[in-house]
Amino acid sequence: MNKPKIAATEPQPVNLEAGKKYAWCSCGHSQTQPFCDGSHKEQGFKPVIFTAEESGEAWLCMCKQTATPPFCDGSHANCTDEPT
């Protein structure tokens with residue numbers, strides 16, 4: 001599998017609704033970051049489908065290096081590549 005594209009080097013705050021399903025972009029190529037738009041089909045990735053446990057703000061990973069997808073774990077601090 002290819003390495004994901006770094007969409008940004010800081011997480012994206014989003015408002016989630018409890019019980020609603022979301023598709024987080026894992027490839028970094030989506031034009032609707034941090035959510036999936038189907039671009040992964042050409043990249044060999046699959047989106048991370050998740051259901052929000054509670055309503056409110058969440059910080060979603062944009063560098064695509066997190067160990068806790070879709071949520072930011074601070075991995076962006078170690079990204080040496082710039083967004084492309």
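Residues numbered from 1 in each chain as written. Predicted model: local features only at pLDDT ≥ 70, side-chain atom pairs only at ≥ 80, totals over all residues. Heavy atoms only, no water.

Caption draft 1: Structural detail: the overall build of the protein. Of regular secondary structure, the protein possesses zero helices and four strands. Across the protein, helices and strands are ordered from the amino to the carboxyl terminus as β-β-β-β. Judged by the C-alpha coordinates and their principal axes, the protein covers about 35 × 30 × 20 Å. Across the 84 residues in the protein, those meeting the buried criterion constitute 33%. (Helix = DSSP H or I, 4+ residues; strand = E, 2+ residues; numbered from the N terminus. Buried < 20%, exposed > 50% of the residue type's maximum accessible area, 1.4 Å probe, protein only.)

Caption draft 2: Examining the environment of P70 more closely. Checked against the element boundaries, P70 lands in the segment after β4 (56-60). A C-alpha to C-alpha distance of 8.1 Å links P70 and S26, two positions 44 residues apart in sequence.

Caption draft 3: Spotlight on unusual backbone geometry. Looking along the chain, the bond that leaves Q33 and enters P34 is cis, with omega of 5°. Among the structural elements, P34 can be located in the loop between β2 (21-24) and β3 (48-51). Geometrically, the link from P69 to P70 is a cis peptide bond, its omega value of 10° lying close to zero. At K64, a position not held by glycine, the phi torsion is positive, near 70°. Along the chain, the position of K64 falls in the segment after β4. For K64, a relative accessible area of 8% puts it in the buried group.

Caption draft 4: Here's a closer look at the nonpolar core. One finds I6, V14, L16, Y22, W24, F50, A52, A58, L60, C61, C63 and C79 forming the largest nonpolar core, which totals twelve residues. Elements represented by at least two residues in this core include exactly β1 (12-16), β2 and β4. Not counting the four nearest positions on each side in its chain, C61 is found in contact with W24, P34, T66, P70, F71 and C72. (Core = buried A, V, L, I, M, F, W, Y, C linked by side-chain atoms within 4.5 Å. Contact = heavy atoms within 4.5 Å.)

Caption draft 5: Spotlight on the UniProt feature "domain: Iron-binding zinc finger CDGSH type" (unreviewed entry) in the protein. The UniProt entry lists residues 9-46 and 47-82 under the feature "domain: Iron-binding zinc finger CDGSH type" (unreviewed entry), expressed in the numbering used here. Strand forms 24% of residues 9-46 and helix 0%; the C-alpha atoms that close the span are 21 Å apart. (UniProt positions renumbered as here; feature names shortened; annotations may be inferred.)

Caption draft 6: Expanded view of the environment of E17. As for its placement among the helices and strands, E17 is situated in the loop between β1 and β2. Judged by relative accessible area, E17 falls into the partly exposed class, the value being 48%. The spatial distance from the C-alpha of E17 to the C-alpha of K3 is 30 Å, given a sequence separation of 14 residues. Setting aside residues no more than four positions away along its own chain, E17 makes contact with Y22, A52, E54 and S55.

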